[in-house]
Every structure is written in C-alpha cells, then in structure tokens.
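Below are the chains, spelled out letter by letter.
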Amino acid sequence: MKECQRCGLCAIACPAGALEDPERTHSFFLARGREIIASAGQVIFTCNRSRADKSGKDIITVPCLGAVAREVIVALAVRGRVIFHFLQEQCLACPWGEKGERIFLLSFDWAQKTLAAMGVPEERLVATAVPAAVTPGKLAGGKAPEAAAMGRREFFRSLIRGIKIPGTAPSSPPVGATALAGRRRAFILREAVREAEPEGGYPAGAVLSIPSLELAGPCYLCNVCSRLCPTGALVIEGEEKELKYTPASCNHCDLCLAVCPQHSLVRGKNVSLSMIAGVSSLTLASGKTYTCQGCGEIFHAGGAGVTMCLRCYLSRNLAPDDQQDRGGQGNEDTVLPPRLSP
C-alpha cells in the first residue's frame, strides 16, 4: 500500500498475526537479535529517527521502538543484554510518535515484570537515552539539532494531531491493559519461559501479567467459543464433554468473551509460569446431567449456577422485564420457542 509508512505498529496490535512487514517480522527481530547477542553479548534497538550512532555492529535500527514485540524483548533478554535507545523528545517529531511511545512503554514495562517473575537479572533489559555526546537540545559541539525531515503526509498529520473536538476526550488504554499477542508471539514467549526455567521449576507464586480465563456462569458446552477460537486455546474434549483452556496458546483477542451466549467466560487471575512452560490446560467446565427447573427436561451442562436448560435460560432472558422480575414466569399466554430435535 502506498499510504503505509511501515511503522510496524499494526503487527503489534493484530491479535492473529495477520498483519506483518515481510522484511521486519517478529521472527526476524528475534533471529537477528540472538545473532548479535551471540557475538557481542548485547543488542541495541534504536529508531531510525534517533541521532544516536547507528554504525555499531550490535545495533538494530527499527522504524519505531513500539514495533518490537514484548515477547521478542523477553526472549532476547534471556540470552543477553537488551538496550533501547529511547528519548521521549524524539517521539514528538514523529508522525506515529504518541502511539508508538505508548505501545513501547507498555511493552517495556510488561517485559520487565515478566523477566523479574522468571528470575532474569534486571540489568538484562535497559532503556537509556542517546549517548552522552548527543544530549537533548544540543549536538556535539554545542550546535542545535536540525529538525527531522518531514514529508507532506507527516506535515498534515502534525497539524491535526493537536486539534480538539468539543465534547470528546482522547482515548487511552485501560489501566493494566497490555498489547495483544499473535500465535507466533505466544510461541516465542513459551520457548523463552522454557529456556529460563530453573532446574527445580518455577515457584508456585511466579506468574505472568497475562489474565487467564474463568467460568462465571453456566456453560452449555455449545462449542461456539471453541469453534471460533483462532488459536485452538479453547477445545471441547471427551465423551463427558469438557471445555478446556490452554493459556500458552491464547492470544487474548477476547472473541470467546464476546460470543458466549451466557456471557459466562471472564478474565481471571494471572497465568502461572509453570502452566506456560508445560503448556498445561485448565478444565473450565465438565459436562453433568441436570433436570431443568423450568420445563423438567433432562439436559447436559457444566459450570456454576446451572438450573435451567438452554432453551428456558434463553427464554427467560429474552422475556420482558416484568416477567424476568417474576423469575421468568409470564402469564398463561406466554409460549416458549419450540424445542429442536437433536
């Protein structure tokens, strides 16, 4: 696309990993970073607008620091020292600086917490300003820095960035929000967790800043969530039908939360490192036989708060408010939808 400026931020935001620059993939950053660490013991990431010296053999230049996935940062820090040349003032002259800066800071903070939970020394991950010879506001020799070259598209974006629309507020990520991860990024994280795993395994309290899934209501094992899960993190198995969840495969797109007819799936506690390393699964719901309190039919379901079959459950929730207040019992003219044969 002619309009694409190849910042790489779309690849960070896409939960399925469908958007990616073929020349700057997550796998490329990981492989190149590991190659540099093997020879130099460290790798330095700097944006292409930075005034830092880019001639070193241990430097990787990227269009935006936010384009380096948090999982890649963790995987590289397990092997050696990872340094980011980051200066907030440089983001101000960048057309995607505000978003890129926010994404980078979120990724960096998440990576720091993850490495700490894994027991990796904190000096393995560092964010530093450009070298001392190039200080904010001045270049070597006391000269003022030249303005970064700005194209026509960047010029118009800089004009509209500061425009405020009455009655609106700038959007910001919710507290504790983290970037999403695609399938390959989840694999990169899993391999890094395995590589750093101590001989006796991770402590029981070692967790990642990644929320797991929990069941907060009835599950009728309808298979909607598992059919639509893009990574296979949710599956229904066995003759008794069990809904199982594998955190190591989840990309946190939250599609399952949106499509659950009962809205029973919710985000829960953080995932333990041992579950990621062992690719362990959680059983969210186990199928059991119940008698419906609404129609008396026998049905199969699991989870908490199971009292009615799916037909009666949906009928109650689709009924007018006055009928719901009476426990779903309407007048004699209330007709339930016809029961479908299996």
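Reference entry: report on the structure contained in this document. Just so it is clear, the model here is predicted, and its values are computed rather than measured.

About the cut-offs
Residues numbered from 1 in each chain as written. Predicted model: local features only at pLDDT ≥ 70, side-chain atom pairs only at ≥ 80, totals over all residues. Heavy atoms only, no water. Salt bridge = Lys/Arg side-chain N within 4 Å of Asp/Glu carboxyl O. Helix = DSSP H or I, 4+ residues; strand = E, 2+ residues; numbered from the N terminus. Buried < 20%, exposed > 50% of the residue type's maximum accessible area, 1.4 Å probe, protein only. Pairing = 2+ DSSP bridges. Axes fitted to C-alpha atoms, helices over the stretch in contact; angles between N-to-C directions. Phe/Tyr/Trp six-rings, centres within 6.5 Å; stacked < 30°, edge-to-face > 60°. Lys NZ or Arg CZ within 6 Å of the ring centre and 35° of its normal. Parallel < 35°, antiparallel > 145°, perpendicular 65-115°, else oblique. Left-handed = near helix turned anticlockwise from the far one by under 90°. Contact = heavy atoms within 4.5 Å. Nonpolar A, V, L, I, M, F, W, Y, C, P; charged D, E, K, R; others polar.

## What about the pattern of salt bridges?
Following the criterion strictly, the structure yields 10 salt bridges and no others. As a salt-bridge pair, arginine 267 and aspartate 254 come within 2.9 Å of each other at their nearest N and O atoms. On the criterion of sequence distance, the pair formed by arginine 267 in strand β9 (residues 265–272) and aspartate 254 in the loop between β8 (242–245) and α9 (255–259) is long-range, its members being 13 residues apart. By relative accessible area, arginine 267 is classed as partly exposed at 23%. Judged by its relative accessible area of 33%, aspartate 254 is partly exposed.

## Points about the sheet that holds β8
On the basis of which strands lie adjacent, the open sheet formed by three strands has the order β7-β8-β10 and antiparallel pairing. The outermost strands of the open sheet, each flanked by one partner alone, are β7 (234–237) and β10 (282–286). Each neighbouring strand pair of the sheet contributes to a mean axis angle of 25°, computed without reference to strand direction. Across four bridges, the pairing between β7 and β8 is antiparallel.

## Quick word on the packing of aromatic side chains
Aromatic ring pairs are described here by two measures, namely the spacing of the ring centres and the angle between the planes. Under the criterion given, the structure shown has nine aromatic pairs. For the pair phenylalanine 28 and phenylalanine 29, a centre-to-centre distance of 5.7 Å together with 55° between the ring planes defines the contact as tilted. Owing to a relative accessible area of 38%, phenylalanine 28 belongs among the partly exposed residues under this scheme. Arranged with centres 5.2 Å apart and planes meeting at 15°, the rings of phenylalanine 45 and phenylalanine 84 form a pair that is stacked. Pair noted here: phenylalanine 45 is in strand β1 (residues 42–47) and phenylalanine 84 is in strand β3 (residues 81–85), with a separation of 39 residues, a long-range link. Assigned by exposure class, phenylalanine 45 and phenylalanine 84 land together as buried. Connected via pairs of aromatic rings, a cluster forms that spans Phe28, Phe29, Phe45, Phe84, Phe86, Phe104 and Phe108. One Lys or Arg, arginine 70, reaches over the ring of tryptophan 110 and ends 4.0 Å from the middle of that ring.

## Quick notes on the packing of helix α3 (residues 70–79) against helix α5 (residues 97–118)
It is at 9 Å that the axes of α3 and α5 come closest, and there the two elements cross at 40°. By the angle between their directions, the pair α3 and α5 is classed as oblique. Where α3 crosses over α5, the handedness of that crossing is right-handed. Seen from α3, the contacting residues are Arg70, Ile73, Val74, Ala77 and Val78; seen from α5, they are Ser107, Trp110, Ala111, Thr114, Leu115 and Met118. Classifying every residue of the contact of α3 with α5 gives eight nonpolar, two polar and one charged.

Note that all results are geometric; they support no functional claim without further evidence.
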